[in-house]
Amino acid sequence: MTTSRATRRAETTQESRRLLVTAAAELFAERGYRLTTFEDIAARSGVSRGSIPWHFGNKEGLLAAVIDHVMASIRADARRLESGTFDDLLHGIVELTRGPTTKLFITLMAEAAEPDSPLRKWYGDVHTALRALGRSWIERSDLADGVDADALSAIVVGATMGIHQQWRIAPDAVDLDRVYATLGVLLRSVGLGEPG
């Protein structure tokens, strides 16, 4: 096999994998994890159904790839915002909330609450990762006495997820810009703000 043929095959493999992950993310967000089939993903992606187990092993392997992709995007956004201002961070959270991939978190939450769900551990890992991202700002702030950094991180993640859920369910009733501006005022009142 020539080098260019091997390169083309590797590029085709990567493109197929990307198309499958994108289609699965969209469908998991629209229908949920359990109701989405390999046939649905193949039809949406234009890649054969047989390619899914070849690339990912099983449905849980595909879910893991989808989550890795979404979390990599969130981490990249967080790194980009780390050197910005606190207002930049709040604006970034608003834009992330409006993004289509974050709908995935809302759709999968109900399934994750079931004790035997494969999503349960993943959701716990997502919460852990989001709290860790928030800590990068919290640890650089001069917090008011009595404000625990770990507790504040959990509160911020809980607030942003709750705001996101409310907005997805009733977008006309929740003004994201105004809500996050108010959250910013509350967070500044306990010492969270510009990195020191």
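Above this text you will find the structure in question.
Criteria and thresholds
Residues numbered from 1 in each chain as written. Predicted model: local features only at pLDDT ≥ 70, side-chain atom pairs only at ≥ 80, totals over all residues. Heavy atoms only, no water. Helix = DSSP H or I, 4+ residues; strand = E, 2+ residues; numbered from the N terminus. Buried < 20%, exposed > 50% of the residue type's maximum accessible area, 1.4 Å probe, protein only. Contact = heavy atoms within 4.5 Å. Arc of directions from axis to C-beta. 1 Å grid on protein atoms, 1.4 Å probe; cavity = no way out; pocket = protein on both sides within 12 Å on 5 of 7 lines; lining within 4 Å. Points joined across faces, edges and corners; volume = space filled by probe spheres on them. Nonpolar A, V, L, I, M, F, W, Y, C, P; charged D, E, K, R; others polar. Salt bridge = Lys/Arg side-chain N within 4 Å of Asp/Glu carboxyl O. Axes fitted to C-alpha atoms, helices over the stretch in contact; angles between N-to-C directions. Parallel < 35°, antiparallel > 145°, perpendicular 65-115°, else oblique. Left-handed = near helix turned anticlockwise from the far one by under 90°. Core = buried A, V, L, I, M, F, W, Y, C linked by side-chain atoms within 4.5 Å. Phe/Tyr/Trp six-rings, centres within 6.5 Å; stacked < 30°, edge-to-face > 60°.

From N to C terminus, the chain includes nine helices and zero strands. Listed by position from the N terminus, the elements making up the chain come as α-α-α-α-α-α-α-α-α. Dimensions of the chain along its principal axes, counting C-alpha atoms only, are 65 × 40 × 30 Å. For the chain, the proportion of its 196 residues judged to be buried stands at 37%. For the chain, restricting intrachain contacts to residue pairs at least 6 apart in sequence, the fraction spanning at least 24 positions comes to 66%.

Let us look at helix α6 (residues 103–112). Here α6 has its buried residues at Leu104, Phe105, Leu108, Glu111 and Ala112. Buried residues of α6, viewed axially, fall in a sector of 120°; they line one side.

What follows concerns the layout of surface pockets. Computed from the structure, the largest pocket encloses a volume of approximately 680 Å³. Along the walls of the largest pocket sit 32 residues, with Leu89, Ile93, Leu96, Leu130 and Thr160 positioned nearest its centre. Elements with a contribution of two residues or more to the lining of the largest pocket: α4 (59–82), α5 (86–98), α7 (119–138) and α8 (149–169). Sorting elements by how many residues they give to the lining of the largest pocket places α5 first, with nine residues. Residues of the lining of the largest pocket, tallied by class, amount to 18 nonpolar, nine polar and five charged.

Turning our attention to the pattern of salt bridges. Overall, the coordinates contain 13 salt bridges when judged by the stated rule. As a salt-bridge pair, Arg31 and Asp40 come within 2.9 Å of each other at their nearest N and O atoms. Overall, Arg31 belongs to the partly exposed group, its relative accessible area being 39%. A relative accessible area of 22% places Asp40 in the partly exposed class. In this structure, the salt-bridge partner of Arg34 is Glu114, at a minimum N-O distance of 2.9 Å. On the criterion of sequence distance, the pair formed by Arg34 in the loop between α1 (3–31) and α2 (38–45) and Glu114 in the loop between α6 and α7 is long-range, its members being 80 residues apart. Residues participating in the shared-partner salt-bridge network are Glu26, Glu30 and Arg44.

Looking now at the packing of α5 against α8. Remark: α5 packs on α8, axes separated minimally by 10 Å, with the N-to-C direction vectors making an angle of 45°. The orientation of α5 with respect to α8, classified from their angle, is oblique. Seen along the crossing, α5 lies across α8 with a hand that is right-handed. Of the residues in α8, those touching α5 at Ile93, Thr97 and Arg98 are Thr160, His164, Trp167 and Arg168. Here the contact of α5 with α8 is composed, by residue class, of two nonpolar, three polar and two charged.

The next thing to look at is the nonpolar core. Grouped together as the largest cluster of nonpolar side chains are 34 residues, with contacts concentrated most on Phe28, Ile41, Val66 and Leu108. Of all the elements in the fold, those that place two or more residues in this core are α1, α2, α3 (51–56), α4, α6, α7 and α8. Setting aside chain neighbours within four positions, we find Leu108 in contact with Phe28, Gly32, Tyr33, Leu63, Leu119, Trp122 and Tyr123. With 19 residues, the next largest nonpolar core counts Val94, Leu152, Ile163 and Leu192 among its residues.

For the structure shown, the criterion picks out three aromatic pairs. Between the aromatic rings of Phe105 and Trp122, the centroid separation amounts to 6.0 Å while the plane-to-plane angle is 15°, which identifies the pairing as stacked. Within this pair, whereas Phe105 is found in helix α6, its partner Trp122 is found in helix α7, the two being separated by 17 residues in sequence. Each member of the pair, Phe105 as well as Trp122, is classed as buried.

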